Amino acid sequence: NAQTFMDDNDEVVMEDDENKDSESRSIEEQVAKHHLVTFLKEQIVDHLVEQLDKAPETAILDFQYADKQYVLGKKRLACVNLMESLVELDDSSMRAKIMETRFYEQLFDLFLEFRFNTFLQLHLDNIFHRILKDQNTTNEQKVAFLEKLQIFTKLPAFWKDNQQFAYPSSREFRH
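Below: a short report on this structure.

Conventions and cut-offs
- Counting from 1, residues in each chain are numbered in the order their sequence is written.
- A pLDDT threshold of at least 70 governs which residues receive local features in this predicted model, and a stricter bar of 80 or more applies before side-chain atom pairs are shown or counted, although totals over entire chains, interfaces and linings include all residues.
- As a rule here, side-chain values come from all non-hydrogen atoms in the structure, and water together with hydrogens is ignored.
- Nonpolar core, defined: a set of buried Ala, Val, Leu, Ile, Met, Phe, Trp, Tyr and Cys residues in which side-chain atoms within 4.5 Å join the residues together.
- Partly exposed residues are those whose accessible area sits between 20% and 50% of the maximum for their type, while under 20% is buried and over 50% is exposed, using a 1.4 Å probe and protein chains only.
- A helix here means a DSSP run of H or I that spans at least four residues, while a strand means a run of E at least two residues long, and both kinds are numbered starting from the N terminus.
- Any two residues whose heavy atoms approach within 4.5 Å are treated as being in contact.
- Salt bridges are counted wherever a side-chain nitrogen of Lys or Arg sits within 4 Å of a carboxyl oxygen of Asp or Glu.
- Stacked, edge-to-face and tilted labels apply to pairs of Phe, Tyr and Trp rings (six-membered ring for Trp) whose centres lie within 6.5 Å, assigned for plane angles under 30 degrees, over 60, and everything in between, in that order.
- The convention used is that axes are lines fitted to C-alpha atoms, helices contributing only their stretch in contact, and that angles between N-to-C directions extend from 0 to 180 degrees.
- Any angle that falls under 35 degrees is termed roughly parallel, while one over 145 is termed roughly antiparallel, one within 65 to 115 roughly perpendicular, and all others oblique.
- Crossings are assigned a handedness: left-handed for a near helix turned anticlockwise from the far helix by less than a right angle, right-handed for a clockwise turn.
- Helix span, as expected, comes to 1.5 Å for every residue beyond the first.
- Two axes enter the definition of the bend at a residue: one is fitted to the seven residues ending there, the other to the seven starting there, and the bend is the angle between them.
- Cavities and pockets were defined on a 1 Å grid built from protein atoms only: a cavity is a group of points that admits a 1.4 Å probe but offers it no way out, a pocket is an open group of points flanked by protein on both sides within 12 Å along at least five of seven lines, and a lining residue is one with an atom within 4 Å of any such point.
- Grid points are joined across faces, edges and corners, and a volume is the space filled by probe spheres set on the points.

Looking now at the nonpolar core. One finds Ile 98, Phe 103 and Tyr 104 to be the most contacted residues of the largest nonpolar core, which totals 34 residues. Among the elements of the structure, helix H3 (35-51), helix H4 (74-88), helix H5 (92-100), helix H6 (103-113), helix H7 (118-133), helix H8 (139-149) and helix H9 (151-161) are those that each provide at least two residues to this core. Broken down by element, this core gets its largest block of residues, seven residues, from H6. Not counting the four nearest positions on each side in its chain, Ile 98 is found in contact with Val 45, Met 83, Leu 86, Val 87, Phe 103 and Tyr 104.

Here it is as structure tokens:
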């Protein structure tokens, strides 16, 4: 379907209605409907979630304040970063697909395990903020999300173990 109109130079121009429709849709809607996003949803999400369980080969660092701290690794952080981008899409089927996986539980567990990784904390904050502040997500879905995380059983135990740490110099530090 095409539409004919005259421009300022009195030339006849054909305009495609399909382009007008795509321009009127939001960028988020266009991206959510893109075939690459469909491929990611159907083929890649499960693989990304599996990667979160795999520690890097050089997984131990010695820090000044603790013995042998395990590292998250660039690959797992990249997976979390990509999953954050997928959560931010305005696509309810993508969010439902991610909710079917163990991604949120793994992310929260990684957050508790790697408490010094500020990039991981930033991604977790962005993802959780997007879900909990989204007006299209019902309160029931938000409660189900928090229950799935077991946040109310894990946080008190984390806080109990996450108190003060004393350096050898007796300087105290809160984890």
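Throughout the structure, instances matching the rule amount to four salt bridges. Residues Lys 41 and Asp 91 are paired through a salt bridge, measuring 3.3 Å at the closest nitrogen-oxygen approach. Here Lys 41, found in helix H3, pairs with Asp 91, found in the loop between H4 and H5; they are 50 residues apart in sequence, far enough to count as distant. The class of Lys 41 is buried, set by a relative accessible area of 16%. A salt bridge links Asp 109 to Lys 154, with the nearest nitrogen and oxygen atoms 2.7 Å apart. Residue Asp 109 is found in helix H6, and its partner Lys 154 is found in helix H9; the two are separated by 45 residues along the sequence. The partly exposed category is assigned to Asp 109, whose relative accessible area is 30%.

What follows covers the packing of aromatic side chains. Under the defined criterion, the tally for this structure stands at five aromatic pairs. Between Tyr 104 and Phe 145, the ring centres sit 5.0 Å apart and the planes meet at 85 degrees, which makes this aromatic pair edge-to-face. Separated by 41 residues along the polypeptide, Tyr 104 in helix H6 and Phe 145 in helix H8 bring together distant segments of the chain. By relative accessible area, which is 2% here, Tyr 104 ends up buried. In textbook terms, an aromatic cluster arises when at least three aromatic residues are bridged by ring pairs, as seen for Phe 103, Tyr 104, Phe 108, Phe 111, Phe 128 and Phe 145.

What follows concerns the side chain of Gln 51. Within the secondary structure layout, Gln 51 lies in helix H3. Residues within four places of Gln 51 in sequence aside, it is in contact with Lys 75, Arg 76 and Cys 79.

Glancing now at the packing of H6 against H7. Two numbers describe a pair of packed helices, the interaxial angle and the distance between the axes. As a packed pair, H6 and H7 sit with axes 10 Å apart at the nearest point and diverge in direction by 140 degrees. When the axis of H6 is compared with that of H7, the two are oblique. Considering the relative orientation of H6 and H7, their crossing is left-handed. Residues Phe 103, Tyr 104, Leu 107, Phe 108, Leu 110 and Phe 111 of H6 pack against Leu 120, Gln 121, Leu 124, Ile 127, Phe 128 and Ile 131 of H7.

Moving on: H3. Its 17 residues give H3 an end-to-end C-alpha distance of 23 Å, which sits within 8% of 24 Å, the value for a rise of 1.5 Å per residue. Along H3, the helix axis deviates most sharply at Ile 44, where the bend reaches about 55 degrees. On its buried face, H3 is in contact with helix H2 (27-32), H4, H5 and H6.

One way to put it is that H7 packs onto H8 with a least axis distance of 9 Å and a crossing angle of 145 degrees. Pair H7 / H8 crosses with left-handed handedness. Of H8, the residues touching H7 (which contributes Phe 128, Ile 131 and Leu 132) are Lys 142, Phe 145, Leu 146 and Leu 149.

Time to look at the layout of surface pockets. By volume, the largest pocket is sized at about 320 Å³. With four residues, H5 is the largest single contributor of residues to the lining of the largest pocket.

The subject of this paragraph is unusual backbone geometry. For Gln 150, which is not glycine, the phi dihedral falls at a positive 55 degrees. Looking at where Gln 150 falls in the secondary structure, it is placed in the loop between H8 and H9. The class for Gln 150 is partly exposed, based on a relative accessible area of 45%.

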